[in-house]
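Structural overview for review
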Amino acid sequence: MRESATDAEATVYLKEEINHEFARFEERSKPENFDPLPNIPTGRYIDDDFFALEQERIWSKTWLLAGHADEVPDIGSYKLWESSGTPILIVRGRDNQIRAFYNTCTHRGGPLVRQALGQEKVFVCKYHCWAFSLDGALNHIPDEHEFIAIDKSKRGLKPIRCEMFGRWIYVNRDPNAMPLDEFLGPLTHELADFEPDNLHFVTRYHFDLECNWKITMDAFQEVYHLKHIHPNTVDAAIDHRSASMALFPQGSSRMFVAAKTGETKFTSIPAQSPLEEGEQHEIVRSGSLSYNMFPNIVTPIGAYEFPYLQFWPTSKRTTRFEVTFFSRGDNVDPESNYWKDQIAGFNVILGEDNENLPWIQRSIESGGIDGIPLSYQERRIYHFHEFLDQVIGVDDIPENLRVEPRLSELQEDGKGQRLAS
Ligand SMILES: [Fe+2]
């Protein structure tokens, strides 16, 4: 297996792939060895039972990206993380290990912290002043004798699985979940060339959208929409006809799309970045590389920075769309002119998508569309939905809402599938 997906061999492979796709478009020839995909049932975006299944089986049982080590820099630094709907306390301990707990006093459920970020030597619940150390141990109960025979060693904060990839913090509420490394699979190799250990947190902001979270996920997994939604931005930079996909295990995937001729905003080094021209990775120079990490991350890889897009359901028909920027090097002041420009430019693109998406939700709710037919270029969306059903448990999903298994047998780790050969 290769060291990473972006080594010399993979660079050659990806360039062959995009040339193959260009040639196919030139001839208007159909993709080889690819049967049409069944429709995605529209009920998946609007059905109460399906939403309840997602709540029960996805958000509580998969690895979720909850933050970055830079957000809890010192001993006792904490983050109250609520994006997944559950209040979770993430804290750096005296041993420098980052741990996660329910933000819940084990007496009567008072919150340990109420601020998004902070630093404490000890967590004291404000309800009755039970006190917990940074590793979750209960070390003080006021008027302890009144409890008669309470065992403090059994009343520590309830832990949540917390593991790191690079300096990213992932949590999983399922104590029996597979290790994070195994879950991320080839993504750990894929991202290795982009120095995850050297990335720094810059800023996070969000948009609240009136659509199901999967409508947002779907929108960021294809480039078929570029000509129409992003004519003057993304479409001016990359050519959708070249799109090459790789489907990974665990519902994740990669997309690489060739740059149009000439230097573009996406492939060149940003003027104010500390990188020298030519220092960008060959793949980044050649086009747009983007990953989907199940269940809810999309990240387009830049020469100098990584925006991570995350889509959190706040209800069946609303989504919190979080954007987090990470940067190589120490240029991390979001108020600097560099970051103001980068973020403003990126938000123009996101605005083009975000204006469109609530309309899709309303269309689906209207009943004006009975099922969603996906093209070959849109197959990452199908792959994502197929794995979503696997995690939920296909047998528990009403038959009319299931996605028929089609693409899972086509996965390969490392190089990804190559259907068109
Ligand atoms: Fe878009």
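Residues numbered from 1 in each chain as written. Predicted model: local features only at pLDDT ≥ 70, side-chain atom pairs only at ≥ 80, totals over all residues. Heavy atoms only, no water.

Moving on, we get to the packing of helix α2 (residues 48-57) against helix α10 (residues 379-392). Between α2 and α10, the shortest axis-to-axis distance is 9 Å and the interhelical angle comes to 70°. Relative to α10, α2 is oriented roughly perpendicular. In the crossing of α2 with α10, the sense of the turn from one axis to the other is left-handed. On α10, the residues that touch Phe 50, Leu 53, Glu 54 and Arg 57 of α2 are Leu 388, Asp 389, Val 391 and Ile 392. Per-class residue counts for the contact of α2 with α10 are five nonpolar, no polar and three charged. (Axes fitted to C-alpha atoms, helices over the stretch in contact; angles between N-to-C directions. Helix = DSSP H or I, 4+ residues; strand = E, 2+ residues; numbered from the N terminus. Parallel < 35°, antiparallel > 145°, perpendicular 65-115°, else oblique. Left-handed = near helix turned anticlockwise from the far one by under 90°. Contact = heavy atoms within 4.5 Å. Nonpolar A, V, L, I, M, F, W, Y, C, P; charged D, E, K, R; others polar.)

This next bit is on the sheet that holds strand β5 (residues 98-102). Reading across from one edge, β2-β11-β10-β5-β4-β3-β6 is the order of the seven strands in this open sheet, with antiparallel pairing throughout. Edge positions in the sheet fall to β2 (64-68) and β6 (117-119), since each has one partner strand and no second. When the angles between neighbouring strand axes are averaged without regard to direction, this sheet yields 30°. In terms of strand pairing, β5 meets strand β10 (residues 159-165) through two bridges, oriented antiparallel. Among the inter-strand pairings, Phe 101 is bridged to a residue of β10, identified as Pro 159. (Pairing = 2+ DSSP bridges.)

Looking now at the nonpolar core. By size, the foremost hydrophobic cluster in this structure holds 92 residues, and its most contacted members are Ile 90, Trp 168, Tyr 170, Val 171, Phe 306, Tyr 308 and Leu 309. Of all the elements, helix α9 (residues 337-366) adds the most residues to this core, at seven residues. Setting aside residues no more than four positions away along its own chain, Leu 309 makes contact with Phe 220, Asn 296, Ile 297, Val 298, Phe 321, Glu 322, Val 323, Phe 346 and Leu 350. Ranked by size, the runner-up nonpolar core spans 16 residues in total, among them Leu 80, Val 91, Leu 138 and Leu 157. (Core = buried A, V, L, I, M, F, W, Y, C linked by side-chain atoms within 4.5 Å. Buried < 20%, exposed > 50% of the residue type's maximum accessible area, 1.4 Å probe, protein only.)

Moving on: helix α1 (residues 8-27). With 20 residues, α1 should cover 28 Å at 1.5 Å per step; its first-to-last C-alpha distance of 29 Å lies within 8% of that length. Of the positions making up α1, those classed as buried are Ala 10, Thr 11, Tyr 13, Leu 14, Glu 17, Ile 18, Glu 21 and Arg 24. On an axial view of α1, the arc spanned by its buried residues comes to 165°, and they lie on one face. Across α1 from its buried face, at more than 90 degrees, point the exposed residues Ala 8, Glu 26 and Glu 27. On the buried face of α1, the contacting elements are β13 (244-247), β14 (253-258) and α8 (282-286). (Expected span 1.5 Å × (residues − 1). Arc of directions from axis to C-beta.)

On to the coordination of the iron ion. Each protein donor to the iron ion is listed here as His 225 (NE2), His 230 (NE2), Asp 353 (OD) and Asp 353 (OD); together their distances run 2.0 to 2.7 Å. The site at the iron ion holds four donor atoms, and with the angles between them running 53 to 157°, its shape is irregular. (Donors = N, O, S within 2.8 Å, 3.2 Å for Na, K, Ca; no water. Tetrahedral: all angles 85-135°; square planar, octahedral: opposite > 155°, others 65-115°.)

Let us now look at the domain arrangement of the protein chain. Structurally, the protein chain comprises domain 1 (8-61 + 186-410) and domain 2 (65-172). Each of domain 1 and domain 2 was reduced to a C-alpha centroid, and the two centroids are 33 Å apart. Every contact between the two is made by 19 residues of domain 1 and, on the other side, 15 residues of domain 2. With both chains or domains summed, domain 1 and domain 2 bury close to 1,400 Å², and 59% of this area falls on carbon and sulfur atoms. Of all residues in domain 1, the largest losses of buried area upon contact with domain 2 belong to Pro 196, Phe 201 and Trp 312, amounting jointly to 28% of the total for that side. Counting the contacts that link domain 1 with domain 2 gives one salt bridge. Two residues, Glu 71 and Arg 204, come together in a salt bridge whose shortest N-O distance is 2.7 Å. (Domains from an automatic or database assignment. Buried area = accessible area lost by both parts, 1.4 Å probe. Salt bridge = Lys/Arg side-chain N within 4 Å of Asp/Glu carboxyl O.)

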